[in-house]
Amino acid sequence: MALTLSDILAARQRIRGLADATPFVPSPHLGERAGQEVLLKLENMQPIGAFKLRGALNAVAALPEDARGVTCCSTGNHGRGVAFAARARGLRAVVCMSALVPEAKVEGIRRLGAEVRIHGRSQDEAQAESRRLCREEGLTEISPFDDPHVIAGQGTIGLEMLEARPDLDMILVPLSGGGLAAGIALAAKAIRPQIRVIGISMDRGAAMHASIRAGHPVEVEEVASLADSLGGGIGLDNRLSFPLCRDLLDDTVLVSEEEIYHAMQRLYYEDRIVAEGACVVGIAALVAGRLPAPRGPVATVITGRNLDMGVFTRIVTGQDVALGDHIVKGRAYEP
Ligand SMILES: *Cc1c(COP(=O)(O)O)cnc(C)c1O
């Protein structure tokens with residue numbers, strides 16, 4: 001299936017009033033640093049606290065009239081989006097997860113009205129249960145990124161940004177499975193072909209970056225990161241988000257955990273925004289000077305706010321944060 005701007009325009013109609021029109025605000029101190037205006041698209045303001053609601057609503061809306069329900073394996077923002085979207089349409093949602101998932105995450109998904117199915121002790125075993133529900137109970141599995149309706153839903157962010165600011169020169173997109181970057185790049189480049197769209201990931205376990213470099217989907221070792229929403233693979237059988245990111249992104253850039261730590265402090269102290277590590281990779285790349293020089297306004301997406309407040313408090317107070325065997329050394333915020 002070839003995705004086009006018209007799929008994103010159709011998605012916009014389906015999500016209207018539920019997940020659209022988030023604020024798009026200037027960040028004066030970042031603008032000063034970049035020498036160009038910098039704008040933040042505040043997807044942390046979504047009802048589930050992250051942009052994933054857009055794709056999930058569009059995918060659920062596209063199901064046939066007689067659909068029996070939906071399933072997915074994400075314990076993070078995609079799981080929340082699917083739960084919310086299914087409830088909005090009065091459909092059953094089952095989120096499969098392994099016994100290792102923390103209780104807080106299980107509760108968060110349940111509170112949004114989804115059934116939680118605990119199965120096995122790994123993501124693979126949870127995945128097997130989700131597949132079984134599709135076969136035996138007629139549910140439909142929704143991929144967090146490799147699904148045309150999900151990509152088109154995330155693409156509505158690109159539409160909104162370009163409509164508000166047709167003069168954008170560059171968009172910095174946090175990059176994991178690539179549904180967000182593919183959708184935004186598709187929308188933005190259809191409207192303004194000369195725009196540059198850059199995908200940004202953490203340097204520990206960046207699956208899409210490694211896959212684009214290799215020319216095909218590859219697996220990377222998954223390690224703990226402050227940008228935990230950017231972890232995980234892209235699927236060795238990836239059909240859509242890999243080719244779209246490969247063809248549409250102008251570049252992919254990596255940032256370190258230390259740079260993410262500092263960018264979280266910056267967004268908090270300068271813009272007064274509480275956001276996940278995944279959201280600030282664009283800001284981190286900008287401040288660390290890893291991007292081409294902007295020739296006009298730059299935008300980045302603040303993708304979500306669902307983070308561990310204990311870790312966040314350590315970061316804004318300048319304390320060390322342990323990520324498995326990697327310690328991110330604390331330091332007080334300095335502009
Ligand atoms: C899912 C997610 C991303 C990355 O989106 P992909 O489509 O997987 O590339 C970025 N930030 C947050 C907060 C997310 O939940």
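Scroll up for the structure.
Residues numbered from 1 in each chain as written. Predicted model: local features only at pLDDT ≥ 70, side-chain atom pairs only at ≥ 80, totals over all residues. Heavy atoms only, no water.

A few words on the site of the ligand. Taken together, 15 residues sit near the ligand, with Lys52, Asn77, Ser176, Gly178 and Thr303 positioned nearest. In this structure, Asn77 approaches the ligand through a side-chain N or O atom, which is 2.8 Å from an oxygen atom. Within the backbone of Ser176, one N or O atom sits 2.9 Å away from an oxygen atom of the ligand. Against a free-state accessible area of 380 Å², the protein chains account for coverage of 97% of the ligand. Grouping the constituent residues of the shell around the ligand by class yields five nonpolar, eight polar and two charged. (Near = heavy atom within 4 Å. Polar contact = N/O pair within 3.5 Å; in protein donor to acceptor, adjacent residues only side chain to side chain. Areas by Shrake-Rupley, 256 points an atom, 1.4 Å probe, with all protein chains shown as cover. Nonpolar A, V, L, I, M, F, W, Y, C, P; charged D, E, K, R; others polar.)

Before going further, it helps to examine the packing of helix 1 (residues 5-15) against helix 7 (residues 148-164). Relative orientation and spacing of two packed helices are given, respectively, by the angle between their axes and the distance between those axes. Following both chains from N to C, one finds helix 1 and helix 7 inclined at 90°, their axes separated by 8 Å at the closest point. Overall, the two elements helix 1 and helix 7 adopt an arrangement that is roughly perpendicular. For the pair helix 1 and helix 7, contact is made by Leu5, Asp7, Ile8, Leu9, Ala11, Arg12, Arg14 and Ile15 and by His149, Ala152, Gly153, Gly155, Thr156, Leu159 and Glu163, respectively. Residue classes in the contact of helix 1 with helix 7 are distributed as seven nonpolar, four polar and four charged. (Axes fitted to C-alpha atoms, helices over the stretch in contact; angles between N-to-C directions. Helix = DSSP H or I, 4+ residues; strand = E, 2+ residues; numbered from the N terminus. Parallel < 35°, antiparallel > 145°, perpendicular 65-115°, else oblique. Contact = heavy atoms within 4.5 Å.)

Turning our attention to the packing of helix 11 (residues 257-271) against helix 13 (residues 309-316). Where helix 11 contacts helix 13, the two axes come as close as 9 Å, and the packing angle between them is 85°. Viewed along their axes, helix 11 and helix 13 adopt a mutual orientation that is roughly perpendicular. Residue-level contacts link Tyr261, Met264, Gln265, Tyr268 and Tyr269 of helix 11 to Phe312, Arg314, Ile315 and Val316 of helix 13.

As a further point, take the pairing of strand 2 (residues 38-42). Taken across its five residues, strand 2 has five buried, putting it largely inside the fold. The alternating pattern of strand 2 places Val38, Leu40 and Leu42 on one face and Leu39 and Lys41 on the opposite face, and all of these are buried. Across three bridges, the pairing between strand 1 (residues 24-26) and strand 2 is antiparallel. The residue of strand 2 that forms the bridge with Phe24 is Lys41. (Buried < 20%, exposed > 50% of the residue type's maximum accessible area, 1.4 Å probe, protein only. Pairing = 2+ DSSP bridges.)

Okay, the environment of Lys41 next. Within the element layout of this structure, Lys41 appears in strand 2. Owing to a relative accessible area of 2%, Lys41 belongs among the buried residues under this scheme. Residues Lys41 and Ala278, 237 residues apart in the sequence, show an inter-C-alpha distance of 14 Å. Among residues more than four places away in sequence, those in contact with Lys41 are Thr22, Pro23, Phe24, Arg54, Ile157, Glu160, Met161, Thr300, Val301 and Ile302.

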